[in-house]
Structures are given as C-alpha cells and as structure tokens.
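Chain residues, written in single-letter form:
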Amino acid sequence: MVQATLDTRTVYQDGVNLHRAMSASRLVSLQDVRMHGIFGRLPNPCVDNAVNTYFRDGTLPATDLTCHAD
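Calculation criteria
Residues numbered from 1 in each chain as written. Predicted model: local features only at pLDDT ≥ 70, side-chain atom pairs only at ≥ 80, totals over all residues. Heavy atoms only, no water. Helix = DSSP H or I, 4+ residues; strand = E, 2+ residues; numbered from the N terminus. Rg over C-alpha atoms; globule rule 2.2 N^0.38 Å. Contact = heavy atoms within 4.5 Å. Pairing = 2+ DSSP bridges. Axes fitted to C-alpha atoms, helices over the stretch in contact; angles between N-to-C directions. Expected span 1.5 Å × (residues − 1). Buried < 20%, exposed > 50% of the residue type's maximum accessible area, 1.4 Å probe, protein only. Arc of directions from axis to C-beta. Polar contact = N/O pair within 3.5 Å; in protein donor to acceptor, adjacent residues only side chain to side chain. Disulfide = S-S within 2.5 Å.

A. Layout of the overall build of the chain. Looking only at helices and strands, one finds two helices and three strands in the chain. In the chain, the succession of α and β elements from N to C terminus is β-α-β-α-β. By the compact-globule yardstick of 11 Å for 70 residues, the chain fits well, its C-alpha radius of gyration being 11 Å. Judged by the C-alpha coordinates and their principal axes, the chain covers about 30 × 30 × 15 Å. Across the chain, contacts joining residues at least 24 apart in sequence account for 60% of those joining residues at least 6 apart.

B. Looking closely at the sheet that holds strand S3 (residues 65–68). Spatially, S1-S2-S3 is the arrangement adopted by the three strands of the open sheet, whose pairing is parallel. Pairing within the sheet leaves two strands with one partner each, and these edge strands are strand S1 (2–4) and S3. Put simply, the sheet's adjacent strands are angled 25° from each other on average, direction ignored.

C. Looking closely at helix H2 (residues 45–57). If you check H2, its first and last C-alpha atoms are 17 Å apart, about what 13 residues at 1.5 Å a residue would give, namely 18 Å. Taken residue by residue, H2 has Val47, Ala50, Val51 and Thr53 as its buried positions. For H2, the arc enclosing every buried residue in end-on projection is 155°, short of the 170-degree limit, so these residues lie on one face. Residues of H2 that are exposed and point over 90 degrees away from its buried face: Pro45, Asn49, Phe55 and Arg56. One side-chain oxygen at the N-terminal end of H2 lies 3.2 Å from the backbone nitrogen of cysteine 46; it belongs to asparagine 44.

D. Structural view of the state of the cysteines. This model, assessed by the stated rule, comprises one disulfide. Disulfide partner of cysteine 46: cysteine 67, at an S-S distance of 2.0 Å. Sign of the S-S torsion, about -60° for the bond between cysteine 46 and cysteine 67, identifies this disulfide as left-handed. Residue cysteine 46 is found in helix H2, and its partner cysteine 67 is found in strand S3; the two are separated by 21 residues along the sequence. Assessed through its relative accessible area of 0%, cysteine 67 is described here as buried.

E. Up close: the environment of arginine 34. Along the chain, arginine 34 turns up in the loop between strand S2 (28–31) and H2. Using a relative accessible area of 61% as the deciding quantity, one classes arginine 34 as exposed. Beyond its immediate chain neighbours, meaning those up to four positions away, arginine 34 contacts Leu6 and Thr8.

So far we have only geometry, and geometry alone does not tell us how the molecule works.
Given below as structure tokens:
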C-alpha cells in the first residue's frame, strides 16, 4: 500500500487503518506530499522501487517504509 501523508482525498490515518486490517500488507508512506495517487504520477525512487520490486518479483518490503519527497 502506498499512502501520502498529506493525501488530498484519503486521510493518512485511513490508509494506516486499512494497512492494519490487512495483516500481510506493507505500508509505504510518502512524507509531506499533498497528492492522491502517487505511483506513476509523482516520480519518487523510494516509492517506485518498492512498487516495481513487488510487481516484478512479488516481493514485499521487509518492513513498512517511510519515503521522503525528492
């Protein structure tokens, strides 16, 4: 799951709550970004690497990640 901390459409805490409900998930948080729908719209190496690795290999990050805007 990818969630911006300042998402304009989905409150960050709602993303955290969904992540908690989905026990096998990982949460990739993008700090201080005011945008909805990050992946594919806002280039960010940290987010892109986590998502592309999952798409390519089916491998989740070992832990939740906190990414920062470039």
